[in-house]
Each structure stands twice: as C-alpha cells, then as structure tokens.
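# Observations on chain architecture
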Amino acid sequence: MVLHKYGEKLYSGLVATMTAHLKEISKSIESAQGGSFLEELNRKWAEHNKALQMIRDILMYMDRTFVPSTHKTPVYELGLNLWRDNVIHCSNIQTRLLNTLLELIQKERTGEVINRGLMRNIIKMLMDLSASVYQEDFEKPFLEVSATFYRVESQEFIECCDCGDYLKKAERRLNEEIERVSHYLDLRSEFKITKVVEREMIANHMPRLVHMDNSGLVNMLLDDKYEDLGRMYNLFRRVDNGLSTIRDVMTSHIRETGKQLVTDPERVKDPVEFVQRLLDEKDKYDKIISLAFNNDKTFQNALNSSFEFFINLNPRSPEFISLFVDDKLRKGLKGVSEEDVEVVLDKVMMLFRYLQEKDVFEKYYKQHLAKRLLSGKTVSDDAERSLIVKLKTECGYQFTSKLEGMFTDMKTSQDTIQGFYASHGAELGDGPTLVVQVLTTGSWPTQPSVPCNLPAELSLLCEKFRSYYLGTHTGRRLSWQTNMGTADIKATFSKGQKHELNVSTFQMCVLMLFNNADKLSYREIEQATEIPALELKRCLQSLACVKGKNVLRKEPMSKDIGENDVFLFNDKFTSKFYKVKIGTVVAQKESEPEKQETRQRVEEDRKPQIEAAIVRIMKSRKVLDHNNIIAEVTKQLQSRFLPNPVEIKKRIESLIEREFLERDSADRKLYRYLA
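Calculation notes
- Residues numbered from 1 in each chain as written.
- Predicted model: local features only at pLDDT ≥ 70, side-chain atom pairs only at ≥ 80, totals over all residues.
- Heavy atoms only, no water.
- Helix = DSSP H or I, 4+ residues; strand = E, 2+ residues; numbered from the N terminus.
- Rg over C-alpha atoms; globule rule 2.2 N^0.38 Å.
- Buried < 20%, exposed > 50% of the residue type's maximum accessible area, 1.4 Å probe, protein only.
- Contact = heavy atoms within 4.5 Å.
- Areas by Shrake-Rupley, 256 points an atom, 1.4 Å probe, with all protein chains shown as cover.
- Lys, Arg positive; Asp, Glu negative; His and termini not counted.
- Charge placed at Lys NZ, Arg CZ, Asp CG, Glu CD.
- Pairing = 2+ DSSP bridges.
- Axes fitted to C-alpha atoms, helices over the stretch in contact; angles between N-to-C directions.
- Core = buried A, V, L, I, M, F, W, Y, C linked by side-chain atoms within 4.5 Å.
- Polar contact = N/O pair within 3.5 Å; in protein donor to acceptor, adjacent residues only side chain to side chain.

Turning our eyes to something else, we now look at the overall build of the protein chain. Secondary structure summary: the protein chain contains 28 helices and 9 strands in total. The C-alpha atoms of the protein chain give a radius of gyration of 44 Å, which is well past the 26 Å a tight globule of 675 residues would have. The 675 residues of the protein chain split such that 45% are buried. Of all intrachain contacts in the protein chain linking residues separated by at least 6 positions in sequence, the fraction that spans at least 24 positions is 69%. For the protein chain, the accessible area works out to roughly 35,400 Å², and carbon and sulfur atoms hold 50% of it. Taking the 101 positively charged and 100 negatively charged side chains of the protein chain as two groups, their mean positions are separated by 1 Å.

Right under this line is the structure:
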C-alpha cells in the first residue's frame, strides 16, 4: 500500500483501529472490581505491548519510509501515545489508578504486605509512557501525600518518644523509602522522597530534638550514647545547618562543664587530679567524635577551641599541668611501658598546646625539672628527654635550650666529682662523702642563696671542693645552694637500733647539733645554723611533728613550731625500714607570695621578648601604625604567650625613649624605625 501511495490511508486506518480497540480495553479495565483493577490494567498493558511489537514488525516498511518522510509518529510510539490518551488519561481510570497506587503505598507504610511485582509493572508502564506521565500522574501527588503523612507521623512521634527512639524511627522511615524506590519506583525519585522525609522528620524538629528534656544531645553526651549520637550525626548531616546545630550545642555544653571544672574551688585543690579530669574530659569527647561523629574535623576544631577557652580561664593551669608532669615523672609512671609513657606525654602536650601562657608553663616546668634532677627522683631520663623533644618540636629550640642545659650540667657534674675524688681521695679518708651538682646560673631557675652554717667536717670538705673546682676552671664563681641539697646520715637510737636517714641539707644541719646536745631550744638551733625562720620552722616540723618520721621530740607537743619550743633527740624512734626518708613539709602548690613572685618574673621576662618582636617588625616595615604593631606583635608571640596590648604600648614608649623608634610628626599613631 505504501508503494502504491496509500501510506496515509494505512497510517490513519491504524490510528482509527487502535483507538477503537483501546476504548474497548478501557471499558473492560474500568469494569474491573477492587483489587483486580491493577491486575486487569497490567494484563491489558502486557497484551497491548505484545500486539504493538507485532504491528511494528508487520508495518516495518511504512515505519522506515513513509513515517520519516511525512514527519509522523513511529508506530510503536504511536501505540504508547494512544494507550496514554485512551486508557491512562481516561477520566475514570486516571483518578482511580492514582488513588489505588497511593493507597497501596500507605498500606505498606503501615506494615501490610503488598504485591510489589505488580506495583513495579504499573509504575514501569507510566515511566515507559514518558517521564512527564510518571511525574504528573504519580510522582507529584505521591510526594505531596508523603509530606502530609510524615508531617503528622513526626508530630505523633515527637510527643510520645524520647530523642533516641525518635531518631531510630526517623532512620527506619528513611531506609524504608530508599528501599521502596529500589523495589518499584523510578531511581530518580529517591532524592526527592528522601528530601521530603528529611524535611518533615528532621529539619522541622531539629531544635526540639537536640534540646529534648532528659534525652537530648546533652544527655547523650553525658551518658556516652555513641549509637544515638552517631544516628543523630548521620541524620542531621542530611539537612542544611544540621551539623552546625549539633556542633553549637556540643560546644556550649563543653565550655560550660569545662568552666565549672576549672573554676570550682574544690576541684582545683589537687593539681594532679585537676589535670587528670581535663584529660579524662578530652578522652571522652575524642572518643565521641571518633565513634559517633565520623572523626569530623569541624567537631575536632570545635572541641579544641572549647578546651582552649576554658583551660585559660584558670590562671594556674600552666602551673597545674607542670605539677601533673612532675607527679607522673616522679612516681606515676613507674612500671609503665614506654608506649604508655609516650601516650601520657602526648596527652600533656595536647593540653600544653591549649595554653596561651606557655612561658608560664616553662617557668614552672623548669623549677619542677630542677627539683627532680637534683633529688634524683625522675622515673626515667628517657621520658624526661622525650618530653623536652616534644616541647622543642612545638615551640622551637629557644624554648628548651635551658632545659637541655640542665641535663648537660648533671652529666658534667658527675665527671667533676669523679675528678675531685680521683685527685683528693687519699687525703679525704673515711670522712663524709660529698656529691656536688655544679649548676650553670643561666640554665637553672634562679634562687637566692640561703645562708646556712654547715657542720665543721662538711664545711672543710666543701672548701676543698671549691679549691679543686676553681683550680680546674678559670673565671668562675661558686655559691652554695644549701636549700636545694639532700643528705644521707646514719643515726643510732636506743637498744643500738640503727637507721639511715634521708634528709635535706637543712635537716642534716639541725640533726648534727644533737651529736653534742640532748636538748636544744628553737633559739639555739636558729643561732647555730642561721637557717631563715620560715625554712627552719618547716624543717623542724618535719623532724618532730610527722608521725613515723619524728626523730626529734618537741615540748610542748603541737603541730606548729613556736619560737619558745624546746627539741630533744627522740631516743625511742623506731621504724620497720632501715632507710627512712624524712621529707620537708612543703606545699605542693605555690603559696600566694611565691605565686606573685613567679608571675612577676614571668612579666619581667616578657618585656625583652615584646621589645625584640617590635624591633623585628619595625626593621622590616620601617613605618607602621599603632594598631598594626599590636596585631603583628600578638601574632608573633602567641606561640609563647598572649601579650597584653597595654604592655606592648609601654614597650613602644620605652623603645622611643631609647631612640629605636620615633613618632611621626604629623600622625601621632604612626611609628618610624630609626636605623
């Protein structure tokens, strides 16, 4: 027919025949009752598809020649369009089809089992007819109904569930929708339907969920509910501002609890416990971020800024962290493996990084290290050196050069004392043994030389050492720091009981007086030793008032030392140990005057550093205004401490007086560098 120019007749005849046939099919589908409606539709669609393929094959010649030349719709596509117009868009079928599909999805959401295979076929039919048919006839209404369903359901859930249960239900609903798409919807619908669930179940309820009484985010953090926190993180990350909502609440909670931790007078009584609490708190949140928040860098940064905020609220944090290190390196790390020692030191370094006043830490650390080295109380030289290497990596050579100098002095002192005994050994005989640490003034924390009259036999030995040392080293001066020394003395008590007492140099001076007297008054001891009153009282307190260590007796017996007290040798002293260590009664933390003195020394040390920074900046910039100098100096020095703008201004004034800088004659806020 096409060859004989009857192509038009054949094409229009095909349209008319198919239209009439589809109208009959439409009526038969309409008449299907209840559940058989979809089955009938599916069966007729399958038959129509099969027939279409046959018709296309029969009319292949027309399809290839007549259709393209006359710009008509190809046969198969024509069949689909006619099915759409005469069956799917038939008013009785269109509404019924949509309602049936939505009804079945609603049943599935409420837990009923539906024929997914049939649903898949019907939905695929709509997709085959065209993307717009699928979207207009099904997807849009489906999304609207879903939004209403989840809006109502989320409201019901939030009224009756706690936060953890609500999140479980939201997660389950989300997974159900994703699964539904994979079974019988167009894959492109997944993004749209998940957005609906996210909006209705999560985004619209975020503030209420995180602040929910007894079960919100803060409670989850307090109770370490990793699973619930992880679920909240994974759900909230799907919506705009979800993670920032969690982060903000977490940050304010950490800051609040941290602030209580560092400002509570009860909790700052024990520095070691104070720092341990900080470390426990950090470990807790590190674990939460690792297990629940996917190691999210933004959460890690929020945690770091929170710790930096509250650690610096307590001006004594640098001192306490140094005391914590001191405690660990004296006794806390005995019997601990090298790996575990490294873990503790790394944790200390982490807290150190949060400190704004790193130079204050350095001051205290130097004092504590000096005491450890001089008393030989350090658990491990390797651990000490490891921490110094970490500090050096963090703050540079300048920060640790003096600390390294202290170790060098200890090593040199050993060699010196060996040399002394090698040259003087014969003439010293069986007298007291002297061990001297020669400390370089610049490297060790400066302490005023405290007067003290040493026993005659020791005084003679010290003079011999001084002569030997100054004879081998020219241009040096030695001053004895008796307040930093220790001594081991042998004592005999009643019934010939002997003990070796480990005491401070001051305690030794006091005890040696009792070789020639059984009873001495406070005044007599003070006159004989010339030890300053405060030190002497501490010393006598530890010798006479500490149970189990009281090698002296005091009259009258009381905890405090009075100037009219009398002391006697305690002949009845007993101890189950041969070696008895008698510590000096000393506060672990600094007293208020000591604290003021340390602070003052720190402030003095800061002045040249601020001036050096100003000169460095001005040398390279030549001209700079006041605000920019403040900003630049702060930036340069913040790795060691946070300089006070008032102090920077004072240092600028000082440099102007000494003619390093000058003010601009026109603009008083502008400074010039004078070469």
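Now that the structure is up, let's keep going.
Our next topic: the sheet that holds strand S6 (residues 579-581). One open sheet accounts for 3 strands, arranged S1-S2-S6; its pairing is mixed. The open sheet has two edge strands, strand S1 (486-492) and S6, and neither has a second partner. Averaged over all pairs of adjacent strands, the angle between strand axes in this sheet comes to 25°, irrespective of strand direction. Where S1 and strand S2 (residues 498-504) come together, 7 bridges link them in antiparallel fashion. By the bridge assignment for S2, Ala487 is matched with Val503. Packed on one face of the sheet, helix H23 (residues 505-513) meets S1 and S2 and runs near 130° to S2.

Core analysis: the biggest nonpolar cluster contains 80 residues, and Met232, Phe236, Phe293, Leu351, Tyr365 and Leu391 have the highest contact counts within it. With residues near it in sequence (within four places) discarded, Tyr365 still touches Ser322, Val325, Arg372, Glu384, Leu387, Ile388, Leu391 and Leu403. One finds Met62, Leu102, Val133 and Phe138 within the second-largest nonpolar core, a separate group that totals 49 residues.

Another point: the environment of Glu159. Relative to the helices and strands, Glu159 is located in helix H8 (residues 131-160). Spatially, the C-alpha atom of Glu159 lies 24 Å from that of Ile193, the residues being 34 residues apart in sequence. Of the polar contacts made by the side chain of Glu159, one reaches the side chain of Gln155; its length is 3.2 Å. In terms of polar contacts, Glu159 uses its side chain to reach the side chain of Arg208, at 3.4 Å.

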